[in-house]
Amino acid sequence: MPTDKAKESAAIAAVDEHINANVHIIGIGSGSTIVPAVKKIAEMVKKDKLDLICVPTSLQARELILSNGLKLGSLIEYQELDLAIDGADEVDEQFNCIKGGGGCQTQEKLVAICAKKFIVVADEKKWSKNLGDQWKKGIPIEVLPIAYKITKKEIEKQLGGEVVVREGTEKLGPVLTDQANFILDWKFDSSKVSNWSDINTKLKLIPGVVETGLFINMISKAYFGNSEGKVQVKTNSSISS
Ligand SMILES: O=C(CO)[C@H](O)[C@H](O)COP(=O)(O)O
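Residues numbered from 1 in each chain as written. Predicted model: local features only at pLDDT ≥ 70, side-chain atom pairs only at ≥ 80, totals over all residues. Heavy atoms only, no water.

Overview of the pattern of salt bridges
By the definition in use, this model includes 16 salt bridges. The partner of D51 in a salt bridge is K71, and the shortest N-O contact between them spans 3.2 Å. Of the two residues, D51 is situated in the loop between α2 (34-48) and β2 (53-56) and K71 in strand β3 (residues 71-72); the sequence distance between them amounts to 20 residues. On the basis of relative accessible area, K71 is assigned to the partly exposed category, the value being 49%. Here R166 ties to D185 by a salt bridge, and the two come within 2.8 Å at their closest N and O atoms. Here R166, found in the loop between β10 (162-165) and β11 (182-187), pairs with D185, found in strand β11; they are 19 residues apart in sequence, far enough to count as distant. Grouping residues by exposure puts R166 and D185 together as buried. Residues joined by salt bridges that share partners form a network here, namely D86, K99 and E108. (Salt bridge = Lys/Arg side-chain N within 4 Å of Asp/Glu carboxyl O. Helix = DSSP H or I, 4+ residues; strand = E, 2+ residues; numbered from the N terminus. Buried < 20%, exposed > 50% of the residue type's maximum accessible area, 1.4 Å probe, protein only.)

Shown next, in the form of structure tokens:
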């Protein structure tokens, strides 16, 4: 599949550049693009005998670390990571990012905030001028189950648009996150947003919100692959590497 090739090329380029003997504790993201990244990390660890501990952002990431024979750590043991590598649903020209398409944004943000460098890998369709140009499924927001109706109403009242409770496909009812919370997807006219940080702050102040899928200017470097295997690297000059 062309998209698989695009994701794989981005993942391998990022791992090649960032994994070396000076890196000891890393965060491992969630999704499909992280899969070839972890495979490549495991090859390098074996070949170069690297001493590396991997901190997961989800149960999927945990299983990926273990099935590739890598050493597992956690945020309870490690709060300072050399880097974190993760996928994204969309990244804009200001290096703001939407995550949580797979429902893991809370742990992903915790890992990202602990990392000296937050590296994103994706196919080229995820790069856009303004968030929402490409990703039409809404901003993922993790909420406490007890609050989901109140939080949904409050987001719509304060910020407009429509909030949808994310439902399972193989199970009836809301999707549960790794923290056993619910996810709301907030759809609204994002074309008028000029300050995503402000939107994120407003969302976070609404009772019941655990975490949002808006990652504001956290990315140090982003790798976007295309179907021919070419990779574009975008460096965020506002974050020193
Ligand atoms: O944020 C995420 C999960 O919550 C993923 O990193 C994001 O959805 C990208 O996934 P993929 O690599 O499959 O495109």
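Structure's up, so let's keep going.
What about the environment of Q79?
Looking at the element boundaries, Q79 is found in the loop between β3 and β4 (83-86). For Q79, a relative accessible area of 47% corresponds to the partly exposed category. Only 2.8 Å separates the side chain of Q79 from the backbone oxygen of L75, close enough to count as a polar contact. One polar contact links the side chain of Q79 to the main-chain carbonyl oxygen of I76, over a distance of 3.0 Å. (Polar contact = N/O pair within 3.5 Å; in protein donor to acceptor, adjacent residues only side chain to side chain.)

With respect to the pairing of strand β1 (residues 25-28)
Residues I25 and G27 of β1 are buried on one face, and the alternating residues I26 and I28, pointing to the opposite face, are buried as well. Examined bridge by bridge, β1 and β2 share four bridges and lie parallel to one another. Each bridged residue has a counterpart across the sheet, and for I26 the counterpart in β2 is C54. Crossover handedness for the path β1 to α2 to β2: right-handed. Sheet topology note: the β1/β4 ladder contains three bridges and is parallel. (Pairing = 2+ DSSP bridges. Right-handed = clockwise from strand over helix to strand, strands pointing away.)

Re the site of the ligand
With respect to spatial proximity, 17 residues lie near the ligand, and among them S30, S32, T33, D89 and K126 are the closest. One of the backbone nitrogen or oxygen atoms of G100 is found 2.8 Å away from an oxygen atom of the ligand. One of the backbone N or O atoms of G102 is found 3.2 Å from an oxygen atom in the ligand. When the ligand sits alone it has 380 Å² of accessible area, and the protein chains cover 91% of it. For the shell around the ligand, the residue count by class is two nonpolar, nine polar and six charged. (Near = heavy atom within 4 Å. Areas by Shrake-Rupley, 256 points an atom, 1.4 Å probe, with all protein chains shown as cover. Nonpolar A, V, L, I, M, F, W, Y, C, P; charged D, E, K, R; others polar.)

Describing the domain arrangement of the protein chain
Annotation of the protein chain at the domain level lists domain 1 (2-125 + 216-228) and domain 2 (139-212). Each partner contributes to the interface: domain 1 provides 15 residues, whereas domain 2 provides 15 residues. Between domain 1 and domain 2, roughly 1,100 Å² of surface is buried when both sides are summed, and carbon and sulfur atoms account for 51% of that area. At the boundary of domain 1 and domain 2, one finds one salt bridge. The partner of K109 in a salt bridge is E211, and the shortest N-O contact between them spans 2.8 Å. There are seven residue pairs in polar contact (both at pLDDT 80 or more) connecting domain 1 and domain 2. Examining the composition of the side of domain 1 that touches domain 2, we find that four residues originate from one element, helix α4 (residues 105-114), more than from any other. (Domains from an automatic or database assignment. Contact = heavy atoms within 4.5 Å. Buried area = accessible area lost by both parts, 1.4 Å probe.)

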